[in-house]
Amino acid sequence: MDRLKSFPHLLLKVGIFQYTINLTKIHMKLRILSLFLLWILPLQVLYSQSVEDLSVDLEMVEKIKTEGIDNSQVMNFASWLTDVYGPRLTNSPQLEYARQYVKSQFEELGLQNAHYHQWGPFGSGWELKRFAMHANTPHSYFPITAFPKAWSPGHDGPVKGNVIFLELDTIEDLEQYRGTLSDKFVMMDFPQPSAPSWEPLASRRSNDELLNLANASRALSGSQPGGGNPAALARAEMRYQIMKFLQEEKPLALLDFGYRGWYGQIAVTAATMPIAPGTSWGDAVRAHQADPADIIPQISLKREHYGRIFRMLEKEIPVEIELDMQTEFHHDDLHGYNVVAEIPGTDPELKDQIVMLGGHLDSWHAATGATDNAAGSAVMMEVMRILKALDVQPRRTIRIALWDGEEQGLHGSREYVNDHFASLPGSFGPAEEMERKSDYDNFSAYFNIDNGGGQVRGIHLQENENLRLLFRTWLQPFSSWDATTVSFTNTGSTDHVSFDRAGLPGFQFIQDRLEYFTMTHHSNMDYYERLVEQDLARTAVIVATFVYHTAMLDEKLPRKE
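Being a predicted model, the structure only gives us computed values, none of them experimental.

**As for the overall build of the protein chain**
Regarding its fold elements, the protein chain presents 14 helices and 18 strands. Across the 561 residues that make up the protein chain, the buried fraction comes to 55%. In the protein chain, the share of contacts with a sequence separation of at least 24, taken over all contacts with a separation of at least 6, comes to 84%. Surface exposure of the protein chain reaches about 24100 Å², of which carbon and sulfur atoms provide 50%.

In structure tokens, the structure reads:
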């Protein structure tokens, strides 16, 4: 193992390079001095290991690079998860096929203890069996580009009806429509204004953005004390009353437009249920938990088609829609399942300690869930393939988990943490009421991929400053890939949060966005073609080195104070 010999050498290797971008020599010296005084010196005290332990096994890194780049299988894994088994909506038959495939691959790779971890119950499964939508007017016909929202019920056969726009200023305005909507398609939202897009669809993180991430400190909270925004509460109350009214009136379908995107993009998730203002997240009944008879069929149109229909209605031109929408609900097994496997540890004193990696396997349903999150699942499968191909003998156990139910609220990872490490009351609950499980003290770290298919450019510390120097050291071999940023930031909205909120080290990597938030996220554009092989292969290599080094350290990773 090639150890860094001295603290000045470490400073030179991991402290200076990100602070030399576009700086004068004088400014550079000031920044380096500030870095030394305000950042690196405190870390000598904070980090429990000596500087001598902050090292990189460069020989193993080169082996991982060679195996991961020259023999990569990441795109093959991704194709099976998308082309064959996509989409993978939580508790759908397609997700179960994907789970079976993943488990079989784990076994073929030689991983041990491959199994399902059951959690829940979650609720019903759902799949779209047939969908077509057509518009007829006195002057023209056109096919409508649209997608049903998940857990929307279908109809026994094709249905026809006119479109009506509900003009509602107050809740009392609903009464004029009572008894008139059962043979109608209902619109309530005004179209989204359009404008030319001057920004590129795909982008990588700039040097300035990475520098800002590297320099980030604790973010100030934007929340304000008080009982909530009265205007927002009033809107929520009106929305609740409207949805209750429509639930009673049973229109043929409720139409809206995708919540993001133009050019035929439709971003769509789950059908909406009437939820009273003030209802807690855990107490609200979601569509996957409801009786299908209580769910209004809901369909998101591409914005261009929604706008066209709206403008014709404004001109008092009738628009008739013909809908053929067949769906199937699955109630046989209401539980969710994570897929878990591992490489056992070999050190007699450390083998019971755990290093975890993962990403969510489930997706939304409008495409095949390529960037969200077949990419992350395929990367983590590739990480395990690389480590097994190199016959690594980790001191700690390396465990992979591909999660279920992330898209509906981090269910799979949260329930896994509750069952194995620490149980939090409610959805997450206050930390002071946490019940620690037997493996809580054996846990070292969890690493997650779920921000699209872009290459890793660094890692979020989740405000665990103790790890800055160590993670910088581990990223140094990837400076030629521009993957060296370590940020104090606390990023959310994916499965590492389940670990972080239990006081366990859980991390999401910083990734290039590519087209994730402009085109593919939760949309009908999220297909295999949006994946970039070099990005995924490099990401797998970087994650593999993090997992390997974490498994080989003398000590577990330090936790946040």
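Still more to cover.
**Observations regarding helix α4 (residues 74–84)**
All buried positions along α4 are accounted for by Val74, Met75, Phe77, Ala78, Ser79, Leu81 and Thr82. Elements that come into contact with the buried residues of α4 comprise α5 (93–109), α9 (370–389) and α14 (533–552).

**Observations regarding the packing of α4 against α5**
Close contact between α4 and α5 brings their axes to 10 Å; oriented N to C, the two are set at 155°. Judged on the interaxial angle alone, α5 and α4 are roughly antiparallel. For the pair α4 and α5, the sense of crossing is right-handed. Between α4 and α5, the contacting residues are Asn76, Phe77, Trp80 and Leu81 on the first element and Ala98, Tyr101, Val102 and Gln105 on the second.

**Description of the pairing of strand β7 (residues 253–257)**
Summarising burial for β7: 5 of the 5 residues are buried, a large majority. The alternating pattern of β7 places Ala253, Leu255 and Phe257 and Leu254 and Asp256 on opposite faces, both of which are buried. As judged from the 4 bridges shared by β7 and strand β8 (residues 298–301), these two strands associate in the parallel manner. Residue pairing across strands places Leu254 opposite Gln298, the latter belonging to β8.

**Some words on the packing of α5 against α9**
As a packed pair, α5 and α9 sit with axes 10 Å apart at the nearest point and diverge in direction by 10°. One element, α5, and the other, α9, form an angle in the roughly parallel class. Contact residues: α5 offers Tyr101, Val102, Gln105, Phe106 and Leu109, while α9 offers Met381, Arg385 and Lys388.

**Digging into the sheet that holds strand β6 (residues 184–187)**
Picture the strands of a sheet paired through backbone hydrogen bonds; they go either parallel or antiparallel. Reading across from one edge, β3-β2-β9-β5-β6-β7-β8-β4 is the order of the 8 strands in this open sheet, with mixed pairing throughout. Edge strands, defined here as strands with exactly one partner in the open sheet, are β3 (141–143) and β4 (146–148). When the angles between neighbouring strand axes are averaged without regard to direction, this sheet yields 30°. Pairing geometry for β6 and β7, over 3 bridges, is parallel. Considered in β7, the bridge of Phe185 is made with Ala253.

**Side note on the packing of aromatic side chains**
We describe a pair of aromatic rings using the distance from one ring centre to the other and the angle between the two ring planes. In total, this model carries 30 aromatic pairs according to the counting rule given. Look at Phe447 and Phe471: their rings are 6.4 Å apart centre to centre, the planes differ by 55°, and that puts the pair in the tilted class. Placement of the pair is Phe447 in strand β15 (residues 443–448) and Phe471 in helix α11 (residues 468–475), with a sequence separation of 24 residues. A relative accessible area of 0% means that Phe471 is categorised as buried. Residues Trp474 and Phe546 carry aromatic rings whose centres are separated by 5.4 Å and whose planes lie at 85° to one another, so their mutual orientation is edge-to-face. Of this pair, Trp474 sits in helix α11 while Phe546 sits in helix α14, and the two are 72 residues apart along the sequence. The same class applies to Trp474 and to Phe546, which are both buried. One aromatic cluster is present, built from ring pairs that chain together Trp403, Tyr416, Phe421, Phe443, Tyr446 and Phe499.

**What to know about the sheet that holds strand β16 (residues 456–460)**
If you walk across this open sheet you meet the 8 strands as β1-β10-β12-β11-β15-β18-β16-β17, and the pairing is mixed. Each edge of the open sheet is held by one strand with a lone partner, namely β1 (112–119) and β17 (485–487). In this sheet, neighbouring strand axes are inclined to one another by 25° on average, regardless of whether the strands run parallel or antiparallel. Here β1 pairs with strand β10 (residues 336–343) via 6 bridges, running antiparallel. Following the sheet pairing, His117 is matched in β10 by Asn338. Against the sheet, α5 makes contact with β1, β10 and β12 (397–403), and its axis sits at roughly 155° relative to β1, the strand it touches most. Relative to the sheet, α11 contacts β15, β16, β17 and β18 (506–511), its axis offset from that of β17 by approximately 160°.

**Quick notes on empty space enclosed by the protein**
This structure, assessed with the given rule, holds 2 cavities of 30 Å³ or more. Counted as a void, the largest cavity has a volume near 60 Å³. Along the lines of polarity and charge, the residues of the lining of the largest cavity split into 3 nonpolar, 5 polar and 2 charged. Approximately 40 Å³ is the volume attributed to the second largest cavity. The residue makeup of the lining of the second largest cavity, split by class, is 2 nonpolar, 3 polar and 3 charged.

**With respect to the confidence of the model for the protein chain**
On average, the protein chain scores 89 in pLDDT, and the residues at 70 or more come to 87%. Confidence over residues 220–227 falls short of pLDDT 50; this stretch has 1 contact with residues more than four positions distant or in other chains.

**Some details on the side chain of Asn373**
Position of Asn373 among the secondary structure elements: in helix α9. A distance of 3.2 Å separates the side chain of Asn373 from the backbone oxygen of His360, its partner in a polar contact. When residues no more than four places from it in sequence are discounted, the contact partners of Asn373 are Arg88, Gly359, His360, Asp362, Ile449 and Asp450.

**Brief notes about helix α10 (residues 411–420)**
Most of α10 is tucked away: 7 of the 10 residues are buried. Among all positions of α10, only His411, Gly412, Ser413, Arg414, Tyr416, Val417 and Asn418 are buried.

**Observations regarding unusual backbone geometry**
Here the bond from Gly86 into Pro87 is cis, since omega is -10°, no more than 30 degrees from zero. Considering the arrangement of structural elements, one finds Pro87 in the loop between α4 and α5. For the bond from Gly120 to Pro121, the omega torsion is 15°, close enough to zero to count as cis. Non-glycine residue Asn113 carries a positive phi angle of around 55°. For Asn113, the location among the structural elements is in strand β1. Residue class for Asn113 comes out partly exposed when judged on its relative accessible area of 48%. Residue Leu410 is not a glycine yet carries a positive backbone phi of 60°. Mapped onto the secondary structure, Leu410 falls in the loop between β12 and α10.

Conventions and cut-offs
Residues numbered from 1 in each chain as written. Predicted model: local features only at pLDDT ≥ 70, side-chain atom pairs only at ≥ 80, totals over all residues. Heavy atoms only, no water. Helix = DSSP H or I, 4+ residues; strand = E, 2+ residues; numbered from the N terminus. Buried < 20%, exposed > 50% of the residue type's maximum accessible area, 1.4 Å probe, protein only. Contact = heavy atoms within 4.5 Å. Areas by Shrake-Rupley, 256 points an atom, 1.4 Å probe, with all protein chains shown as cover. Axes fitted to C-alpha atoms, helices over the stretch in contact; angles between N-to-C directions. Parallel < 35°, antiparallel > 145°, perpendicular 65-115°, else oblique. Left-handed = near helix turned anticlockwise from the far one by under 90°. Pairing = 2+ DSSP bridges. Phe/Tyr/Trp six-rings, centres within 6.5 Å; stacked < 30°, edge-to-face > 60°. 1 Å grid on protein atoms, 1.4 Å probe; cavity = no way out; pocket = protein on both sides within 12 Å on 5 of 7 lines; lining within 4 Å. Points joined across faces, edges and corners; volume = space filled by probe spheres on them. Nonpolar A, V, L, I, M, F, W, Y, C, P; charged D, E, K, R; others polar. pLDDT = per-residue confidence, 0-100. Polar contact = N/O pair within 3.5 Å; in protein donor to acceptor, adjacent residues only side chain to side chain.

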